[in-house]
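# Observations on the model geometry
Given next are the chains, with one letter for each unit.
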Amino acid sequence: MLRHVEPPALRAELERVTMPRRGALRGHRVIAALEALHGKPPGRIEKAQEAVEAQNFESRKHLLEYDDVMNKQRETVYSLRRSFLEGRDQKEFVLERAEAIANSLVETYCPREQHPDQWNVTQFANEMLNQFGLDLKATGVDVTSFNHDELGGTVLDNVQARYEEKEKLFGAEMLRWLERHILLDIVDAQWKDHLLTLDHLKEGIGLRGYGQKDPLVEFKKEAFDLFEDMMDRIDTEAVRFLFLMQPARPQEEAKQIEQRQRRQQQNLQFQAGPAQAEAPKPVRSGAKVGRNDPCPCGSGKKYKKCHGAAA
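Bear in mind the structure is a predicted one, so any value in this text is a computation, not a measurement. (Residues numbered from 1 in each chain as written. Predicted model: local features only at pLDDT ≥ 70, side-chain atom pairs only at ≥ 80, totals over all residues. Heavy atoms only, no water.)

## Some points on the overall build of the chain
Check the secondary structure of the chain and you find nine helices and zero strands. Evaluated residue by residue, the chain yields a buried proportion of 29% over its 311 residues. A separation of at least 24 residues holds for 64% of the contacts in the chain among residues at least 6 apart in sequence. Here the chain has roughly 21,000 Å² of accessible surface; of this, 51% comes from carbon and sulfur atoms. (Helix = DSSP H or I, 4+ residues; strand = E, 2+ residues; numbered from the N terminus. Buried < 20%, exposed > 50% of the residue type's maximum accessible area, 1.4 Å probe, protein only. Contact = heavy atoms within 4.5 Å. Areas by Shrake-Rupley, 256 points an atom, 1.4 Å probe, with all protein chains shown as cover.)

Shown next, in the form of structure tokens:
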């Protein structure tokens, strides 16, 4: 509030009153201090107090408006998450997102306005393999032999057929269970990262005001763009995970575990070295040897100082 107080003499007097406890005093305490000195605070002090309170009100108002933007996004994510928990249309959701991603790849690397000879066939085949595990050459798809529309239809047919094969491999019930858990895990992870990004954005968005821009409008724009990017990542990661996952084979998994255990044991023996090897224990036969009796090994030492030392 001291920045709004003029003239300098009045500001100096106010600083003298509030300086020892400036961190603890608020505007009403400052006015109370001036009332104790002058009876009634000057008009400039009241105006300064009003300006500070107006600024604080605007700050709180903006915070509520920022939270309103985040709440709308939260409702969308929670609605999506609730549908996964209830198991509604999980397969349809995955296939719709897979078709959208496949169409986007066709539009990006095989655009309609270009001749098939100008398409980026190599990159398109790599993206299809990385995203869906679909080898176009192995399936007999010659990309340059199709036009744009024919290629899109062929790709969608192959994507859907591959997911049907995945369902036969896992079983319908198991695949529904995997869809639900994978989708929930990806949504939760992406939503947490998104909230953290919005917190960082909210901390510095007020500086946009110095550039004659409304911080709230700028926050809404960037928050919407970030939300769209998050939804795209959810779709891409979920589809990739579900299309590329393979069932574990018990026999091969058991062999892998046995090989890992054998390697670990060999590494431990190698780290221990020959000096750490355990000394062979003598095999006893006949009557029990006393500790002060000669050692049966024939060394001439007492048993307690020879092979009996380790007993």
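## Here's the deal with the pattern of salt bridges
Tallied over the entire structure, the rule returns nine salt bridges. Taking the shortest distance from any N to any O, the salt bridge between Glu167 and Lys91 comes out at 2.8 Å. Note that Glu167 is positioned in helix H6 (residues 148-170) and Lys91 in helix H4 (residues 90-109), a separation of 76 residues in sequence. In this structure, a network of salt bridges that share partners links the residues Lys91, Glu164, Glu167, Arg176 and Glu179. (Salt bridge = Lys/Arg side-chain N within 4 Å of Asp/Glu carboxyl O.)

## Thoughts on the side chain of Glu167
Judged by relative accessible area, which is 14%, Glu167 ranks as buried. In contact with Glu167, not counting residues within four places along its chain, are Lys91, Ala172, Leu175 and Arg176.

## A closer look at the packing of aromatic side chains
Taken as a whole and assessed by the stated rule, the structure comprises three aromatic pairs. When the ring of Phe132 is compared with that of Phe243, the centres are 5.2 Å apart and the planes differ by 80°; the resulting orientation is edge-to-face. Of the two residues, Phe132 is situated in helix H5 (residues 121-132) and Phe243 in helix H8 (residues 215-244); the sequence distance between them amounts to 111 residues. For the pair formed by Phe132 and Phe243, the shared burial category is buried. Each ring, one from Tyr163 and one from Phe243, has its centre 5.0 Å from the other, and the planes form 35°; the classification is tilted. Pair noted here: Tyr163 is in helix H6 and Phe243 is in helix H8, with a separation of 80 residues, a long-range link. (Phe/Tyr/Trp six-rings, centres within 6.5 Å; stacked < 30°, edge-to-face > 60°.)

## A word on H6
Taking 1.5 Å per residue, 23 residues should reach 33 Å; H6 reaches 33 Å between its end C-alpha atoms and fits that length. Every buried residue of H6 is listed here: His148, Leu151, Gly152, Thr154, Val155, Asn158, Val159, Tyr163, Lys166, Glu167 and Phe170. The secondary structure elements touched by the buried residues of H6 are H4, H5, helix H7 (172-204) and H8. Sitting at the amino-terminal end of H6 is Asn147, which places a side-chain oxygen 3.2 Å from the backbone nitrogen of Asp149. One or two residues past the end of H6 sits Gly171, with phi positive at roughly 95°. (Expected span 1.5 Å × (residues − 1). Polar contact = N/O pair within 3.5 Å; in protein donor to acceptor, adjacent residues only side chain to side chain.)

## Some words on a negative patch on the surface
A contiguous patch of negative charge on the surface is contributed by Asp225, Glu228, Asp229 and Asp232. Inspection of the secondary structure puts Asp225 in helix H8. (Patch = residues over 30% accessible without salt bridge, like charges linked within 9 Å, V, L, I, M, F, W, Y side chains within 5 Å. Lys, Arg positive; Asp, Glu negative; His and termini not counted. Charge placed at Lys NZ, Arg CZ, Asp CG, Glu CD.)

## Some details on the confidence of the model for the chain
Residues with a pLDDT of 70 or more make up 70% of the chain, whose mean pLDDT is 78. When the elements of the chain are averaged for pLDDT, helix H1 (residues 8-18) gives the smallest value, 55, and H4 the largest, 93. Note on residues 1-6: pLDDT under 50 across the span, and 23 contacts to partners over four residues away in sequence or across chains. Low pLDDT, under 50, characterises residues 20-25; the stretch is placed with five contacts to residues that sit more than four places away or in other chains. (pLDDT = per-residue confidence, 0-100.)

## Focus on the nonpolar core
Core analysis: the largest hydrophobic core is formed by 43 residues, its most contacted members being Phe124, Met128, Phe132 and Val159. Those elements giving two or more residues to this core turn out to be helix H3 (43-85), H4, H5, H6, H7 and H8. Here Met128 is in contact with Leu105, Gly133, Leu134, Leu136, Val155 and Val159, once residues within four sequence places are set aside. Judged by nonpolar contacts, the second largest core, of nine residues, contains Met70, Leu201, Leu216 and Ala223. (Core = buried A, V, L, I, M, F, W, Y, C linked by side-chain atoms within 4.5 Å.)

## Digging into the environment of Leu80
Position of Leu80 among the secondary structure elements: in helix H3. Given a relative accessible area of 17%, Leu80 falls into the buried group. It is 9.3 Å that separates the C-alpha atoms of Leu80 and Leu184, two residues lying 104 residues apart in sequence. The contact partners of Leu80, leaving out residues within four places of it in the chain, are Phe93, Val187 and Met231.

## Let's talk about the packing of H5 against H8
One can describe the packing of H5 onto H8 by two numbers: an axis separation of 7 Å at closest approach and a directional angle of 80°. The angle between the axes of H5 and H8 places the two elements in the roughly perpendicular class. Across from Leu129, Asn130, Gln131 and Phe132 in H5, the residues of H8 making contact are Thr236, Val239, Arg240, Phe243 and Leu244. Classifying every residue of the contact of H5 with H8 by side-chain character gives five nonpolar, three polar and one charged. (Axes fitted to C-alpha atoms, helices over the stretch in contact; angles between N-to-C directions. Parallel < 35°, antiparallel > 145°, perpendicular 65-115°, else oblique. Nonpolar A, V, L, I, M, F, W, Y, C, P; charged D, E, K, R; others polar.)

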